[in-house]
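Inside the fold
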Amino acid sequence: ELKVEQNPLFLSMQEGKNYTIYCNYSTTSDRLYWYRQDPGKSLESLFVLLSNGAVKQEGRLMASLDTKARLSTLHITAAVHDLSATYFCAVAKRPTSGSRLTFGEGTQLTVNP
Amino acid sequence: NAGVTQTPKFQVLKTGQSMTLQCAQDMNHNSMYWYRQDPGMGLRLIYYSASEGTTDKGEVPNGYNVSRLNKREFSLRLESAAPSQTSVYFCASALWGEWNYGYTFGSGTRLTV
């Protein structure tokens, strides 16, 4: 059974600081995804990581994937208040057809002025 | 705008009542999914449909049924609602082929039993 674990689950940080959210998963995977969710809203796709060593960056967020370690990281650079949200990683493992996303518990990020 | 449309957005049921949550996508995706989100537990897969004409159970299927009506529509039915089914329900769709094309989520249905 595929398990996905994120840490930390809660993160309070000051504006301007850097931090990293970690995502570990238990079995080999086809794809790893990062999503953002604002309170009461749906999930917004941030990154899709397709292969070992993949690195993607968008603004102050950078995601990376190490398939050998079964680890993905979401690095936040010089945080700003607008980044306050819950961040989920999710892993897809493709069976014979279609695929299912398995989510981590989410990291609730609060960026304080 | 293209995407995943869920109805209704909010619903209150009494224990034992039944209802159907509707989901439609207009992106010509082949796979569709129903997730529930509970506080501190991320999103958990209820049922999914890898392609038109197929459905499979996810992690938490008990108390639910699904119908893949056609390629666009995938409904979730609660036959006899229970307080444990109070949750936020998200429908998602994805196009799976040789390459990953990502998952798109609907805006969610907030259900209170």
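The text that follows walks through the structure, step by step, so that each part is easy to find. Source: prediction; values computed, not measured.

1. Notes on the interface of chain B and chain A
- Listed by partner, the interface residues are 25 residues for chain B and 21 residues for chain A.
- Both faces considered, chain B and chain A share a buried interface measuring about 1,800 Å² in area, 56% of it formed by carbon and sulfur atoms.
- One can count 0 salt bridges joining chain B with chain A.
- Between the two partners, chain B and chain A, sit 4 residue pairs in polar contact (both at pLDDT 80 or more).
- Listing elements by their share of the side of chain B that touches chain A, those giving two or more residues are strand S4 (31-37), strand S5 (43-49), strand S9 (87-96) and strand S10 (100-105) of chain B.
- Partitioning the side of chain B that touches chain A into residue classes produces 12 nonpolar, 10 polar and 3 charged.

2. Comments concerning the layout of surface pockets
- Here the largest pocket is characterised by a volume of approximately 750 Å³.
- Along the walls of the largest pocket sit 33 residues, with Gln37, Pro39, Gly40 and Thr86 of chain A together with Gln37 of chain B positioned nearest its centre.
- Among the elements of the structure, strand S9 (85-93) and strand S11 (107-112) of chain A together with S9 and strand S11 (109-112) of chain B are those that each provide at least two residues to the lining of the largest pocket.
- Partitioning the lining of the largest pocket into residue classes produces 11 nonpolar, 16 polar and 6 charged.
- In this structure, the second largest pocket encloses a volume near 450 Å³.
- Lining the second largest pocket are 19 residues, with Glu1, Leu2, Lys3 and Thr102 of chain A together with Glu59 of chain B sitting closest to its centre.
- Mapped onto the lining of the second largest pocket, the elements with two or more residues apiece are strand S1 (4-7) and strand S10 (100-103) of chain A together with S5 of chain B.
- Looking at the lining of the second largest pocket element by element, the count peaks at 4 residues for S10 of chain A.
- Split by residue class, the lining of the second largest pocket holds 8 nonpolar, 3 polar and 8 charged.

3. Here's the deal with the pattern of salt bridges
All names here are of chain B.
- As enumerated under the stated definition, the model contains 4 salt bridges over all chains in all.
- Of the charged contacts, one joins Arg36 and Asp38 as a salt bridge, the two residues approaching to 2.9 Å between their closest N and O atoms.
- What makes Arg36 buried here is its relative accessible area of 8%.
- For the salt bridge of Arg77 with Glu79, the shortest nitrogen-to-oxygen distance reads 3.2 Å.
- Of the residues examined, Glu79 reaches a relative accessible area of 42% and is grouped as partly exposed.
- The structure contains a network of salt bridges with shared partners spanning Arg36, Asp38 and Arg44.

4. A few points about the pairing of strand S1 (residues 4-7) of chain B
Residues and elements named next belong to chain B.
- Of the two faces of S1, the one holding Val4 and Gln6 is buried and the one holding Thr5 and Thr7 is not buried anywhere.
- Direction of pairing for S1 relative to strand S3 (residues 19-25): antiparallel, over a ladder of 4 bridges. Bridging from a neighbouring strand, Gln6 pairs with Cys23 of S3.

5. Observations regarding the state of the cysteines
- Overall, the coordinates contain 2 disulfides over all chains when judged by the stated rule.
- Paired by a disulfide, Cys23 of chain A and Cys89 of chain A hold their sulfur atoms 2.0 Å apart. Here the disulfide of Cys23 of chain A and Cys89 of chain A is right-handed, its torsion about the S-S bond being about 80°. Of the two residues, Cys23 of chain A sits in strand S3 (residues 19-25) while Cys89 of chain A sits in strand S9, which places them 66 residues apart along the sequence.
- Here Cys23 of chain B connects covalently by a disulfide to Cys91 of chain B, the sulfurs 1.9 Å from one another. Between Cys23 of chain B and Cys91 of chain B the disulfide shows an S-S torsion of about -75°. By sign, it is left-handed. One end of the pair, Cys23 of chain B, is in strand S3; the other, Cys91 of chain B, is in strand S9, and 68 residues separate them in sequence.

Definitions and cut-offs
Residues numbered from 1 in each chain as written. Chains lettered and ligands numbered in written order. Predicted model: local features only at pLDDT ≥ 70, side-chain atom pairs only at ≥ 80, totals over all residues. Heavy atoms only, no water. Contact = heavy atoms within 4.5 Å. Buried area = accessible area lost by both parts, 1.4 Å probe. Salt bridge = Lys/Arg side-chain N within 4 Å of Asp/Glu carboxyl O. Polar contact = N/O pair within 3.5 Å; in protein donor to acceptor, adjacent residues only side chain to side chain. Helix = DSSP H or I, 4+ residues; strand = E, 2+ residues; numbered from the N terminus. Nonpolar A, V, L, I, M, F, W, Y, C, P; charged D, E, K, R; others polar. 1 Å grid on protein atoms, 1.4 Å probe; cavity = no way out; pocket = protein on both sides within 12 Å on 5 of 7 lines; lining within 4 Å. Points joined across faces, edges and corners; volume = space filled by probe spheres on them. Buried < 20%, exposed > 50% of the residue type's maximum accessible area, 1.4 Å probe, protein only. Pairing = 2+ DSSP bridges. Disulfide = S-S within 2.5 Å.

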